[in-house]
Amino acid sequence: MKRDPHTPSVDISRRCFLGQAGTGALLLGLGGLTLSEHAFATAPHSAGATTDSPVSPAAQAALVVAADPTRLPSPIQRKHSVHHDITLEAREVRGHLADGSVFDFMTWNGQVPGPMIRVRQGDTITLTVRSAASNTRPHSVDMHAVFGTGGGSSATLMPPGGSRREFFKCMYPGAFIYHCAVPNMDEHISRGMFGMIVVEPEDGLPPVDREFYLGQHELYTKEPFGSTGLLQFDYSSMEHEDPNFVLFNGTVGAFTGASALKAKVGETIRVFMVSGGPNLTSSFHPIGNVWKNCWPQGALANAPLHYVQTQSVPPGSCFVGEMELPVPETIKLVDHALTRVARKGLLAEIAVEGQANPGAYRAIS
Ligand SMILES: [Cu+2]
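In this text the structure is predicted, and so the values were computed from the model without any measurement.

**Let's talk about the overall build of the protein**
Of regular secondary structure, the protein possesses five helices and 23 strands. In the protein, which comprises 365 residues, the share counted as buried stands at 57%. For the protein, long-range pairs separated by at least 24 residues make up 77% of all intrachain contacts whose partners lie at least 6 apart in sequence. In the structure as shown, the protein presents an accessible area of about 14800 Å², 52% of it carried by carbon and sulfur atoms.

As structure tokens, this is what we get:
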């Protein structure tokens, strides 16, 4: 097998975006995405509590951990197998959670979810995992695309500053989660250590105009939703599976309002969504649209379902869905367990711009 010169490295070195948590005028560039004050706005019905701990200078220098949903590998066009060298780095980072609050995330390559890996059935991968020297906890990776003990988690267990390598062949197609799998894996996944590997079928996926990549997970904090400052992880509420935050990409409202994702009338779009959990099942629904083609569980070997309104995406699984865009609108991607949207921070929007289509939809009075 030859190496694919067109396969972008997944070892993404992200620029360091420094910001002042809680300052309204701040604009943060993120790979073409603008995260504004609005992007971190909390819901109008939030508790609005403030913790005892003010935002320290260290907390103010927090990273944007939200992965850019438009930054994902291109669809695969080739009809032959190749080998990939891929590196994932475990990084424990203090990142923006919401307007005025920060949290100590655990990430792959500094982003939540971790980078999407995209290969073709039959491809082989040499995966290097390494752990930043500044980390404080052990980490490993379980890839659901791998035949092997623990999905490779035993072979990739590493201490802070450590590094491991493994080889595997992508023998079956689908969209699969990868996640940290140390004994406290529920905490590590909650803090952000999950991502997606897409193994495209040999014949590829249908062409679309745009693709987006999102990851849902929940955060368990001692402080209620809407609190400011450095929020602390709470093991008790995790044991009761009662989170204060349910999020896309580790951040409250990062892709809403002026920072909504963009598309145009007449296009078709595909959404890849990985459900990290660690405990909640998403009822994934596009408000104002429908999943025209939908692969539950990311099971791409099967024919898609058509015109699905709400699809369950259990923790430890993925979703692939496509929409057509016949009218201009703002599509709200939600978990239809709507308390998570109204009170816990979960929302992403797609602003569809273009000519009105009154034969398909119009407001009358
Ligand atoms: Cu970990």
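**Things to note about the pairing of strand 4 (residues 82–98)**
Residues in a regular strand project their side chains so that they alternate between the two faces of the sheet. For strand 4, the tally of buried residues reaches 15 of 17 residues, placing the bulk of the element in the interior. For strand 4 and strand 7 (residues 124–131), the ladder comprises seven bridges, and the chain directions are parallel. Looking at the pairing, Ile 86 lines up with Leu 127 of strand 7. Here strand 4 pairs with strand 5 (residues 101–108) via eight bridges, running antiparallel. Bridge assignment links Ala 90 to a residue of strand 5, and that residue is Trp 108. As consecutive antiparallel partners, strand 4 and strand 5 are separated by two residues, and within that stretch Gly 100 has a phi angle of approximately 90°, a positive value.

**Quick notes on the coordination of the copper ion**
Only His 139 (ND1), Cys 180 (SG), His 188 (ND1) and Met 193 (SD) from the protein reach the copper ion as donors, at distances of 2.0 to 2.7 Å. Angles of 80 to 136° at the metal separate the four donor atoms of the copper ion, which places the site in the irregular class. Sequence positions of the donors to the copper ion reduce to the motif H-x40-C-x7-H-x4-M. Taken together, the residues span a long stretch of sequence, with Cys 180 in the loop between strand 10 (174–179) and helix 3 (185–190) and Met 193 in the loop between helix 3 and strand 11 (194–200) at a distance of 13 residues. Considered together, Cys 180 and Met 193 belong to a single accessibility category, that of buried residues.

**Overview of the sheet that holds strand 6 (residues 117–120)**
Each strand in a sheet pairs with another by means of backbone hydrogen bonds, the pair being arranged parallel or else antiparallel. Here we have four strands laid out as an open sheet, ordered 6-11-10-8, and mixed in their pairing. Unpaired on one side and paired on the other, strand 6 and strand 8 (142–143) mark the two borders of the sheet. As paired strands, strand 6 and strand 11 are joined by four bridges and run parallel to one another. Bridge assignment links Arg 118 to a residue of strand 11, and that residue is Val 198.

**Considering the sheet that holds strand 15 (residues 261–264)**
What the five strands build is an open sheet, ordered 15-23-22-17-20; its pairing is mixed. Each having just a single partner strand, strand 15 and strand 20 (311–313) make up the two edges of the open sheet. Taken pair by pair, the neighbouring strands of this sheet meet at an average axis angle of 25°, ignoring direction.

**Examining the pattern of salt bridges**
Note that side chains of opposite charge can pair when their charged atoms are close. If you walk through the whole model with that rule in mind, you get 16 salt bridges. In this structure, Arg 78 and Asp 123 form a salt bridge, with 2.7 Å as the shortest nitrogen-oxygen distance. Here Asp 123 lies in the loop between strand 6 and strand 7 and Arg 78 lies in the loop between helix 1 (57–60) and strand 4, a separation of 45 residues in the sequence. Judged by relative accessible area, which is 13%, Arg 78 ranks as buried.

**Looking at the side chain of Thr 128**
Inspection of the secondary structure assignment puts Thr 128 in strand 7. A relative accessible area of 18% means that Thr 128 is categorised as buried. When neighbours within four sequence positions are excluded, Thr 128 is seen to be in contact with Ile 86, Thr 87, Leu 88, Ser 163, Arg 164 and Arg 165.

**Examining the packing of aromatic side chains**
Under the defined criterion, the tally for this structure stands at nine aromatic pairs. Judged by centre distance (5.3 Å) and plane angle (90°), the ring pair of Tyr 172 and Phe 176 falls under edge-to-face. Using a relative accessible area of 15% as the deciding quantity, one classes Phe 176 as buried. Three or more aromatic residues joined by ring pairs make a cluster, and in this case those are Phe 248, Phe 284, Trp 291 and Phe 319.

**Comments concerning unusual backbone geometry**
Cis geometry marks the peptide bond from Val 112 to Pro 113; its omega dihedral reads -10°. Here Pro 113 lies in the loop between strand 5 and strand 6. Cis geometry marks the peptide bond from Gly 277 to Pro 278, where omega comes out at 20°. Mapped onto the secondary structure, Pro 278 falls in the loop between strand 16 (268–277) and strand 17 (282–287).

Reading guide: rules and limits
- Residues numbered from 1 in each chain as written.
- Predicted model: local features only at pLDDT ≥ 70, side-chain atom pairs only at ≥ 80, totals over all residues.
- Heavy atoms only, no water.
- Helix = DSSP H or I, 4+ residues; strand = E, 2+ residues; numbered from the N terminus.
- Buried < 20%, exposed > 50% of the residue type's maximum accessible area, 1.4 Å probe, protein only.
- Contact = heavy atoms within 4.5 Å.
- Areas by Shrake-Rupley, 256 points an atom, 1.4 Å probe, with all protein chains shown as cover.
- Pairing = 2+ DSSP bridges.
- Donors = N, O, S within 2.8 Å, 3.2 Å for Na, K, Ca; no water.
- Tetrahedral: all angles 85-135°; square planar, octahedral: opposite > 155°, others 65-115°.
- Axes fitted to C-alpha atoms, helices over the stretch in contact; angles between N-to-C directions.
- Salt bridge = Lys/Arg side-chain N within 4 Å of Asp/Glu carboxyl O.
- Phe/Tyr/Trp six-rings, centres within 6.5 Å; stacked < 30°, edge-to-face > 60°.

Purely spatial values, then, with no claim about function.
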